[in-house]
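The chain contents come next:
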Amino acid sequence: STIVYRKSMKRRDFIKQSGTITAGLYAFPTVIKNYQKERIRVGVIGTGDRGLGVAGVMQESDWFDVKGCCDVLPFRLDNARNRFERNASYYTDYRKMLDNPDLDAILVATPLSMHHEMAIAALDAGKHVYCEKTMAFHIPEVQDMAAKVKDSDKTFLVGHQYRSVPLYYRVAEMIQEGYIGQVTNIYVQWNRNGNWRRPVPDPQYERMVNWRMYREYSGGLTAELHSHQIDFINYVFNSHPVRIMGMGSIDYWKDGRETFDNVNNILEYPNGMKVNLISLTANARNDYLMEFRGSKGTIVLGMDEARVYPESEEVKQLTTVDGVTGATAQAIMRGEGIPVKVAHQEGWSNTTYALQNFYEAIVDQAKPYSTVVSGGTTAIVVRLIIDAMVDGEIKSWQPEYKLG
């Protein structure tokens, strides 16, 4: 049998009834609406893999039409032409695209170092903005963007998609309700075994294509990977780190890159909770992982699945006091964990959920799930982590970093 999550249901009843933790779509704050409105016309700045990927989901959705594409790399722009053909206009100067009055919104999917300039220009042009993560490269840029959005009547969404995904929303809710007790440590990793290098058709484009490897443009693994996980932790606990330390180095890929290929960091939150962040590029064991370690149990969260592992005393209660028997009890005793199940819209990706929220925020003039304040806070944390590694110093959150 299956059950649908209700807040009045006790935690043990999840397991007694079905051996799974299940949430219906209505447990997620997004309500599917049938808007009788015109599709929003979007211009895309940056038509690399990520930009074209998001733009493709936009075009295939019920909400957006891609009407403009801009890139300074000719082969990237050719890819966009092949994708959208005559349905869009094409530019090599993003400012000229922003001058197009027929565009309602802009997707900024360029290297991190360019986000601030382009997002500000888009807001100045009267466009709604979907800005890819990490929101900005430097702390003054974050503060400038937050002030600009505050004075604007346009929607500004940062591409931290976990805030829009049903599974992640459900896990956050469980932790906030005390399902696994007090969380004192979170272990986070995002490992891979590969050099992260993209093929370059001409040597003159090396730094532009492989921008993630150069400090002028990128924050490396911390900005490109860990930023998603940091943002989700901030969301779950409605907080941010106050003390940051760590080490980073280039240990394996001796290929001229400048950003680290091996990072290890510790973040301390106001209540003393510690977060361990690890990203490797020469070992892919367990790939992507987040472990929320609480006094009553652990939630292990992957990219698209989650399991709960009760602590030993909790297992004893579940298998004796609560009368859990059969396959569920055996699975718990074997340490297999209890799967967290949520209903998903068929065929939807994390990007689809984020774009739905972007659309609804625009048409309803509502605050998006991932705002300039939350995205900016994460960007400041990312910058502090990078500086802690580069400077070899412990970094602390300062009062002037508070946004909003």
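Please read these numbers as outputs of a predicted model, since none were measured by experiment. (Residues numbered from 1 in each chain as written. Predicted model: local features only at pLDDT ≥ 70, side-chain atom pairs only at ≥ 80, totals over all residues. Heavy atoms only, no water.)

Undergrad: Would you mind showing me how to read unusual backbone geometry here?
TA: Peptide bonds are, in most cases, trans, and in most cases residues other than glycine have a negative phi. With an omega of -15°, the peptide bond running from Lys-133 to Thr-134 counts as cis. Counting through the fold element by element, Thr-134 comes out in the loop between β6 (128–131) and α6 (139–150). Even without being glycine, Asn-286 reaches a positive phi, approximately 65°. Mapped onto the elements, Asn-286 comes out in the loop between β11 (274–280) and β12 (288–294). The phi dihedral of Gln-365 falls on the positive side, at around 55°, and the residue is not glycine. (Helix = DSSP H or I, 4+ residues; strand = E, 2+ residues; numbered from the N terminus.)

Undergrad: Even after reading the chapter, I still don't get the pattern of salt bridges, so can you show me in this structure?
TA: Side chains carrying opposite charge are able to pair once their charged atoms draw close together. Under the counting rule described, the total for this entry stands at 23 salt bridges. Here Arg-95 makes a salt bridge to Asp-93, at a shortest N to O gap of 3.1 Å. Looking at Asp-93, the relative accessible area reads 21%, which means it is partly exposed. Here Arg-170 and Glu-173 are joined by a salt bridge, their closest N and O atoms 3.1 Å apart. Taken as a pair, Arg-170 and Glu-173 lie in helix α7 (residues 166–176) at a separation of three residues, close to a single helical turn. Residue classification places Arg-170 among the buried positions, given a relative accessible area of 2%. Shared partners join several salt bridges into a network, and the residues in it are Arg-197, Glu-206, Asp-255 and Arg-257. (Salt bridge = Lys/Arg side-chain N within 4 Å of Asp/Glu carboxyl O. Buried < 20%, exposed > 50% of the residue type's maximum accessible area, 1.4 Å probe, protein only.)

Undergrad: Would you mind showing me how to read the packing of aromatic side chains here?
TA: A ring pair, where both rings are aromatic, is described by two values, the distance of the centres and the angle of the planes. Going through the model one piece at a time under the given rule, you end up with 16 aromatic pairs. An angle of 90° between the planes, with centres 4.8 Å apart, marks the rings of Trp-190 and Tyr-288 as edge-to-face. Taken together, the positions of Trp-190 in strand β8 (residues 183–190) and Tyr-288 in strand β12 put the pair 98 residues apart, joining distant regions of the chain. Residue classification places Tyr-288 among the buried positions, given a relative accessible area of 7%. Here the aromatic rings of Phe-232 and Tyr-235 are separated by 6.1 Å at their centres, their planes lie at 50°, and the arrangement is tilted. A residue pair is termed a helical-turn pair when its members lie 3 or 4 positions apart in one helix, as Phe-232 and Tyr-235 do in helix α9 (residues 220–237) at three residues. Pairwise contacts between aromatic rings join Trp-63, Phe-64, Tyr-130, Trp-348, Tyr-353, Phe-358 and Tyr-359 into one cluster. Between the NZ or CZ atom of Arg-207 and the centre of the ring of Tyr-214, over which it lies, the distance is 4.4 Å. Above the ring of Phe-137, the side-chain terminus of Arg-383 is found at 5.1 Å from the ring centroid. (Phe/Tyr/Trp six-rings, centres within 6.5 Å; stacked < 30°, edge-to-face > 60°. Lys NZ or Arg CZ within 6 Å of the ring centre and 35° of its normal.)

Undergrad: Whenever I open this one, the packing of α6 against helix α13 (residues 372–391) confuses me. Can you help?
TA: Angle between the axes and distance between the axes: these two values describe a pair of packed helices. Two elements in contact, α6 and α13, have axes separated by 9 Å at closest approach and are oriented at 175°. Put simply, α6 runs roughly antiparallel to α13. Across the interface between the two elements, Ile-139, Val-142, Met-145, Ala-146 and Val-149 of α6 pack against Val-372, Gly-376, Ala-379, Ile-380, Arg-383 and Leu-384 of α13. A per-class count over the contact of α6 with α13 returns nine nonpolar, one polar and one charged. (Axes fitted to C-alpha atoms, helices over the stretch in contact; angles between N-to-C directions. Parallel < 35°, antiparallel > 145°, perpendicular 65-115°, else oblique. Contact = heavy atoms within 4.5 Å. Nonpolar A, V, L, I, M, F, W, Y, C, P; charged D, E, K, R; others polar.)

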